[in-house]
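Reading the structure
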Amino acid sequence: MKKLLVAFAAVAAFSAHAETLTVAASPVPHAQILEFVKPALAKEGVDLQVKVFTDYVQPNVQVAEKRLDANFFQHQPYLDEFNKAKGTHLVSVGAVHLEPLGAYSSKYKKLDELPDGANVVIPNDATNGGRALLLLAKNGLITLKDPTDILSTIKDITGNTKNLKFRELEAATLPRVLTQVDLALINTNYALEAKLDPSKDALVIEGNDSPYVNILVTREDNKDSDAVKKLVAALHTPEVKAFILEKYKGAILPAF
């Protein structure tokens, strides 16, 4: 009984003094990484609350509206485009990992097996759509007006020898239509959720030189708070690096 009372007292003391930090995250791997650092943050007096989202819009909207403290799901090009389009002023406070985008097919084992007029789906947000087109261009399926423009669109395709037919869909839905199309360009977090192994199942995948490192994001008025600084420090430890390498087997790479 005495030990139980001591335990209750410890929990009560933590609750009374801990600062709550609420962070939006995609389920895989972002929420998993945050859950991993949660015990370490508790020792630092931060009660980390992870709110899982499956879309790429609400996490930014809710941070901007001060309903959440931070989010962890996106890369810098996406954040830049979101801020520009929505008039928000969200900022990155730390790079954590890279999720290479890959091209997947349930029908073909190599890109050169794609038939003439193959159906291809890519993400419908500006940065990931452009990212998908750059990957296809790099692998010789199409040519683009500017092969370095990360905001390239279907309208910027200048060469398409296989007459690929493109459709743009919300990134989260792409794994669900994989069996209905010839090729799908899928973000690694959604690929992992769909039980795909990027290192084995992707026909082609981005290399380590990708600029799309995933970042922790918050508001300008919150970027220097003690809780946010403690979270950044917790995410940049050797333990987190080892966790990422062991759990995701190279499908996700540490960026610190």
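Quick notes on the rules
Residues numbered from 1 in each chain as written. Predicted model: local features only at pLDDT ≥ 70, side-chain atom pairs only at ≥ 80, totals over all residues. Heavy atoms only, no water. Phe/Tyr/Trp six-rings, centres within 6.5 Å; stacked < 30°, edge-to-face > 60°. Helix = DSSP H or I, 4+ residues; strand = E, 2+ residues; numbered from the N terminus. Buried < 20%, exposed > 50% of the residue type's maximum accessible area, 1.4 Å probe, protein only. Polar contact = N/O pair within 3.5 Å; in protein donor to acceptor, adjacent residues only side chain to side chain. Contact = heavy atoms within 4.5 Å. Pairing = 2+ DSSP bridges. Axes fitted to C-alpha atoms, helices over the stretch in contact; angles between N-to-C directions. Core = buried A, V, L, I, M, F, W, Y, C linked by side-chain atoms within 4.5 Å.

1. Focus: the packing of aromatic side chains
Inspection of the entire model under this criterion finds seven aromatic pairs. Aromatic pair Tyr-56 and Tyr-78: ring centres 5.9 Å apart, planes at 65°, arrangement edge-to-face. Of the two residues, Tyr-56 is situated in the loop between β2 (46-52) and α3 (58-64) and Tyr-78 in helix α4 (residues 76-86); the sequence distance between them amounts to 22 residues. For the pair shown, Tyr-56 and Tyr-78 are each scored as buried. Look at Phe-73 and Tyr-78: their rings are 6.0 Å apart centre to centre, the planes differ by 75°, and that puts the pair in the edge-to-face class. Here the two residues Phe-73 and Tyr-78 agree in accessibility, since each one is buried. By way of ring pairs, the aromatic residues Tyr-56, Phe-73, Tyr-78, Phe-82 and Tyr-190 are connected into one cluster.

2. Quick notes on the side chain of Glu-206
Structurally, Glu-206 can be placed in the loop between β11 (204-205) and β12 (213-219). Of note is the side chain of Glu-206, whose polar atom sits 2.9 Å from the backbone nitrogen of Leu-101. At 3.4 Å, the side chain of Glu-206 forms a polar contact with the side chain of Ser-210. Once residues within four sequence positions are removed from consideration, Glu-206 is found in contact with Glu-99, Pro-100, Leu-101, Arg-131, Leu-135 and Tyr-212.

3. Some points on the sheet that holds strand β3 (residues 70-75)
Taken together, the six strands give an open sheet; going across it, the order is β2-β1-β3-β12-β4-β13, and neighbouring strands pair in mixed fashion. Looking along the sheet, the strands with just one partner apiece sit at the ends: β2 and β13 (253-254). Note: strand β1 (residues 19-25) against β3, three bridges, orientation parallel. Its bridge partner lying in β3, Val-23 is registered against Ala-70. Its contacts with the sheet put α4 on β3, β4 (90-98) and β12, and the angle it makes with β3 is roughly 110°. Against the sheet, helix α8 (residues 226-235) contacts β1, β2, β4 and β12, and its axis sits at roughly 60° relative to β1.

4. Comments concerning the nonpolar core
Core analysis: the biggest nonpolar cluster contains 29 residues, and Val-23, Leu-34, Leu-48 and Leu-231 have the highest contact counts within it. Those elements that place two or more of their residues in this core are β1, α2 (27-43), β2, β3, α8 and α9 (238-248). Sequence-distant contacts of Leu-34, defined by excluding residues within four places in its chain, comprise Val-23, Ala-25, Leu-48, Val-50, Phe-72, Leu-231 and Leu-235.

5. Here we look at the side chain of Asn-222
Positionally, Asn-222 belongs in the loop between β12 and α8. Excluding residues that lie within four positions of it along the chain, Asn-222 makes contacts with Asp-69 and Val-228.

6. Considerations on the pairing of β3
The buried fraction of β3 is high, at six of six residues. Where β3 lies against β12, five bridges are found, and the strand directions are antiparallel. Each bridged residue has a counterpart across the sheet, and for Asn-71 the counterpart in β12 is Val-217.

7. Regarding unusual backbone geometry
The omega torsion of the bond from Val-28 to Pro-29 falls at 0°, within 30 degrees of zero and hence cis. Note that Pro-29 resides in helix α2. Phi angles above zero are rare outside glycine, and Lys-249 is one such case at about 50°. Examined against the element boundaries, Lys-249 turns out to sit in the loop between α9 and β13.

In short, the description is geometric, and any link to function would need to be established separately.
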